[in-house]
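Report on the structure
These are the residues of each chain, in order.
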Amino acid sequence: SIALEHGSHRLGKRTDEMMQTWRNYGLGQFIHWGLYAIPGGHWEGKYYGGAAEWIRSWKDMPNEAYDELYKEFDPQNFDPRAWAKQAKSLGAKYMIITTKHHDGFCLWPSEYTDYDVTNSPYGKDIIGPLVEAYDAEGIDVYLYFSVMDWNHLGYRSKLETEEDREAYEGFKEFTRNQLLELLDLYPTTKGLWFDGTWDAAWKEQAAFADKLETEMREKIPGLIIGSRFRPDDYGNRHFDSNGDLMGDYEQGWERKLPETFEDTKGNDWDCVMTVPENQWGYHSDWRGHVKTSFELIEMLVKSVSLNGNFVMNFGPDGQGSIREEETKLAAEIGDWMDVNHEAIYGCGYLDWKKQDWGYYTKNRETGKVYMVVFNRPLNGALRVKTPSKIGLEKVYSLKEPSVTYEPEEVHKDEYFIHLKESKTSKGPVVIVIEPTK
Ligand SMILES: C#C[C@@H]1N[C@@H](C)[C@@H](O)[C@H]1O
């Protein structure tokens, strides 16, 4: 193996309580909110087809015009308690909020820049009330932080000249100051979700990032930081030059999902997912495919079945309202979670042979197995192939436990479970197996 000073610092999974809690979340809520919500994907009457939170990089939008938007930020509809209540009814166990996206505008009162909410007409901290409201609902809060910062004069995507390097030293100090400031201001934060760390300049900062990650972990013991923060000695990210995972879980599944358990390399991971194809910040004109609640529920169940967490994105508008499409989805998914959350919370991968009808999840504590059925076979018979010597004595409907099943053994250790569930159920039905040795 390659000698590394700043590669992965731990082989295997974290087993402490904070990480176990993270592992058992199942469902999270991402919130992308900032100045980009004001133009909402349009500028001077023109439609911008890219991701709304990247509109500053659009050739038709002058940077100067974007950088003036903070003078319009006055979200009078912002109601953190309402957002937290909605997240509770969705069934989210944690929430990740953009404290600062690539544009550099800070949703908290930062001592280290004037480009923050206190200098907008709104004038007040956004992050604090959100942390408070979500803590009150028992939903853990994680802070999204973009290292890439288009507003800071010392930011560089690459370091080519001596001047670049000098400027970047100031930017690194600024970045460290803001991160330690966030942890001081919001000490109930359970973790940080880093982004904007793909630049060549940042990939040269293995030692700096390593030291800073250690400092942050010392400030809040147990802090959870994914694989997208640190580069290793050779600029490799997510996995170091020996192929070992950086950070506490893999943060590479953005708008995509692993297909098989092998794809996850046996690591913890999260999938962060947009409702449209590629809109994180508010865009007033969603085009292309917008996911239904059934699609999102399937992504959630698939994530949990492969030991991951699924994080659904919300992009509030420029006035601080959650758009109606997201409210509708939150209600539909929440209704399904009300009945079926036992198959999600505290569950993970089961090594039984994957079947076409859907996914298995297994509760890590009770050992109960959940069959989440998305594709009803025409003959209504769900095939189950168990490792030998496992019996299926107790099988019943999660929604109506009085509806029990007697599996028909069709081959050795292979059974048919004949569906009795009414076809009217909204979303996938769940059948519980209490396997006995
Ligand atoms: C690219 C990119 C960024 N990563 C996602 C999580 C969003 O923040 C998007 O802007």
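This one's a predicted model, so the numbers in the text were calculated from it and none came from an experiment.

Right, let's talk about the site of the ligand for a bit. Around the ligand, the neighbouring residues are His32, Glu53, Trp54, His101, His102, Tyr144, Trp193, Asp195, Glu254 and Trp280. For the ligand, an oxygen atom lies 2.8 Å from a polar atom in the side chain of histidine 101. Protein burial of the ligand: of its 300 Å² of free accessible surface, 88% is covered by the chains.

So, on to helix H7 (residues 206-219). The first and last C-alpha atoms of H7 sit 20 Å apart over 14 residues, in line with the 20 Å expected at 1.5 Å per residue. In this fold, the buried residues of H7 make contact with helix H5 (162-185), strand S6 (191-195), helix H6 (200-203) and strand S7 (224-225).

Here strand S15 (residues 391-397) lies mainly inside the structure; five of its seven residues are buried. Of the strand pairs in this sheet, S15 and strand S19 (residues 429-436) are connected by five bridges, and their pairing is antiparallel. Each bridged residue has a counterpart across the sheet, and for glycine 391 the counterpart in S19 is threonine 436. The hairpin formed by S15 and strand S16 (residues 404-405) contains six residues between the paired strands.

The full count for this structure, using the stated rule, is zero disulfides. Between cysteine 271, a free cysteine, and cysteine 347, which holds the nearest cysteine sulfur, the sulfur-to-sulfur gap is 18 Å.

This next bit is on the sheet that holds strand S17 (residues 408-411). Strands sit in the order S14-S18-S17 across an open sheet of three strands; the sheet is antiparallel. In this open sheet, the two edge strands, each paired with only one partner strand, are strand S14 (381-385) and S17. Strand-to-strand twist of the sheet, defined as the mean angle between neighbouring strand axes without regard to direction, takes the value 35 degrees. Note: S14 against strand S18 (residues 414-418), five bridges, orientation antiparallel.

Okay, the packing of H5 against H7 next. It is at 10 Å that the axes of H5 and H7 come closest, and there the two elements cross at 15 degrees. On the basis of their axis angle, the class for H5 and H7 is roughly parallel. Crossing hand, H5 versus H7: right-handed. When H5 is examined against H7, the residues Lys172, Arg176, Leu179, Leu180, Leu183 and Asp184 are found in contact with a partner set consisting of Phe208, Leu212, Glu215, Met216 and Lys219. Its residues assigned to classes, the contact of H5 with H7 comprises six nonpolar, no polar and five charged.

Rules used throughout
- Counting restarts for each chain, with residues numbered from 1 along the sequence as it is written.
- Restriction of local features to residues with pLDDT of at least 70 applies here, the model being predicted, together with a cutoff of 80 or more for giving and counting side-chain atom pairs; totals for whole chains, interfaces and linings are based on all residues.
- Excluding hydrogens and water, the side-chain figures rest on all heavy atoms present in the structure.
- Think of it this way: one heavy atom of a residue within 4 Å of a molecule or strand is enough to make that residue near it.
- Contacts described as polar in this section are N or O atom pairs within 3.5 Å, which, within protein, must combine one atom able to donate a hydrogen with one able to accept it, while residues neighboring in sequence count only if both atoms come from side chains.
- Residue-level accessible areas treat just the shown protein chains as cover; the underlying method is Shrake-Rupley with a 1.4 Å probe.
- The helix and strand labels rest on DSSP assignments: H or I over at least four residues marks a helix, E over at least two residues marks a strand, and numbering proceeds from the N terminus.
- Under the convention used throughout, the expected extent of a helix is 1.5 Å for every residue step, that is, one less than its residue count.
- Note on contacts: a residue pair qualifies if any of its non-hydrogen atoms lie within 4.5 Å across the two residues.
- Think of it in three bands: residues with accessible area under 20% of the maximum for their type are buried, residues over 50% are exposed, and the middle band is partly exposed, with areas taken using a 1.4 Å probe on protein chains only.
- Two strands qualify as a pair provided that DSSP identifies no fewer than 2 bridges between them.
- Counting rule for disulfides: a pair of cysteine sulfur atoms within 2.5 Å.
- Note on definitions: angles span 0 to 180 degrees between N-to-C directions of axes, and those axes are lines fitted to C-alpha atoms, for helices only across the stretch in contact.
- For classification, angles of less than 35 degrees are called roughly parallel, those exceeding 145 degrees roughly antiparallel, those between 65 and 115 degrees roughly perpendicular, and all remaining angles oblique.
- For any helix crossing, the convention is left-handed if the near helix is rotated counterclockwise from the far helix by under a right angle, and right-handed if that rotation is clockwise.
- Nonpolar residues are Ala, Val, Leu, Ile, Met, Phe, Trp, Tyr, Cys and Pro. Charged residues are Asp, Glu, Lys and Arg, and all others, Gly as well, are polar.

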